[in-house]
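# Chains, contacts and geometry: an overview
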Amino acid sequence: MPSGTAEVQVRPGGEDDLKALTALYNHYVCETPITFDTEPFTPEERRPWLLSHPEDGPHRLRVATDADSQEILGYATSSPYRAKPAYATSVETTVYVAPGAGGRGIGSLLYTSLFDALAGEDLHRAYAAVAQPNEASARLHARFGFRHVGTFREVGRKFGRYWDVAWYEKPLQPTGGRP
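This write-up is about the structure you can find in this document. This structure is a prediction, so every number in the text was calculated from the model and none was measured. (Residues numbered from 1 in each chain as written. Predicted model: local features only at pLDDT ≥ 70, side-chain atom pairs only at ≥ 80, totals over all residues. Heavy atoms only, no water.)

The next subject is the packing of helix α1 (residues 18–31) against helix α2 (residues 43–51). Remark: α1 packs on α2, axes separated minimally by 9 Å, with the N-to-C direction vectors making an angle of 100°. Here α1 lies roughly perpendicular to α2, going by the angle between them. Two secondary-structure elements touch here, α1 through L18, K19, L21, T22 and Y25 and α2 through P43, R46, R47, W49 and L50. For the contact of α1 with α2, the class distribution of residues is 6 nonpolar, 1 polar and 3 charged. (Axes fitted to C-alpha atoms, helices over the stretch in contact; angles between N-to-C directions. Helix = DSSP H or I, 4+ residues; strand = E, 2+ residues; numbered from the N terminus. Parallel < 35°, antiparallel > 145°, perpendicular 65-115°, else oblique. Contact = heavy atoms within 4.5 Å. Nonpolar A, V, L, I, M, F, W, Y, C, P; charged D, E, K, R; others polar.)

Take a look at the structure:
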């Protein structure tokens, strides 16, 4: 795979991506503490997640692909922060980069695309939860204006041990003239 980012395209994710996105996520489920899911998913089980990220609105899915092969190299999402109505102007963001595709700036390309897509939405804050340790994710979030606001200690148990989760916050520019 060539180095650099010129060979990478970022676009909205769709139904045709479901199998590859599920496989990428399952890598993190089975091999890392990055997600606290503990059992792999089938594409059908992941379909509701995919459908909850349309091409417009505050909850988006952006996919990075190799320009030649169209192989999925990573994805970023904005999802509801919490279900209660007062949280509607907050989103939780996340980035997953395919194994072997790290160090190419794919996470930055995905976040750039995601935040550009969200620029016209009525959003006030973005939040990110990062299982610790994860220096690469901490650097990515800092580069995009997130600041560390706290750490939940030993909040999740996976692979027979407890993991901390650091929380990051980023102000967004809401539209519509509301406070």
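In this section: the pairing of strand β4 (residues 90–97). Counting buried residues along β4, 6 of its 8 residues qualify, which places the element largely inside the surrounding structure. Pairing of strand β3 (residues 72–80) with β4, which is carried by 7 bridges, proceeds in the antiparallel orientation. Bridge assignment links P80 to a residue of β4, and that residue is V91. Looking at chain direction, β4 and strand β5 (residues 125–131) are connected through 3 bridges and run parallel. In the strand pairing of β5, E92 is matched with Y127. Of the crossover connections in this fold, the one passing from β4 over helix α3 (residues 106–118) to the parallel β5 is right-handed. (Buried < 20%, exposed > 50% of the residue type's maximum accessible area, 1.4 Å probe, protein only. Pairing = 2+ DSSP bridges. Right-handed = clockwise from strand over helix to strand, strands pointing away.)

With that settled, consider the packing of aromatic side chains. Evaluated as defined, the whole model comprises 14 aromatic pairs. For the ring pair F152 and W167, a centre distance of 6.1 Å and an interplane angle of 50° mean the geometry is tilted. You can see F152 sitting in strand β6 (residues 147–158) and its partner W167 sitting in strand β7 (residues 161–171), a full 15 residues away along the chain. Judged by its relative accessible area of 44%, F152 is partly exposed. Following the ring pairs from residue to residue traces out a cluster consisting of Y25, Y28, F41, W49, Y75 and Y96. One residue, R46, lies across the ring of Y25, its end atom 4.0 Å from the ring centre. Above the face of the Y81 ring, R82 is positioned so that its terminal group lies 4.6 Å from the ring centre. (Phe/Tyr/Trp six-rings, centres within 6.5 Å; stacked < 30°, edge-to-face > 60°. Lys NZ or Arg CZ within 6 Å of the ring centre and 35° of its normal.)

With 13 residues, α3 should cover 18 Å at 1.5 Å per step; its first-to-last C-alpha distance of 18 Å lies within 8% of that length. For α3, the buried fraction is high: 10 of the 13 residues fall into the buried class. All of the buried residues in α3 are I106, G107, S108, L110, Y111, S113, L114, F115, A117 and L118. (Expected span 1.5 Å × (residues − 1).)

A few words now on the sheet that holds strand β2 (residues 61–66). Within the open sheet, the 7 strands sit side by side as β1-β2-β3-β4-β5-β7-β6. Their pairing is mixed. The strands lining the two open edges of the sheet, one partner per strand, are β1 (8–12) and β6. Sheet twist, expressed as the average angle between the axes of neighbouring strands with direction ignored, equals 25°. Judged from the 5 bridges that link them, β1 and β2 form a sheet pairing that is antiparallel. The residue bridging P12 from the neighbouring strand is R62, located in β2. Of the strands in this sheet, β1, β2, β3, β4, β5 and β7 touch α3, which is tilted by about 150° from β4.

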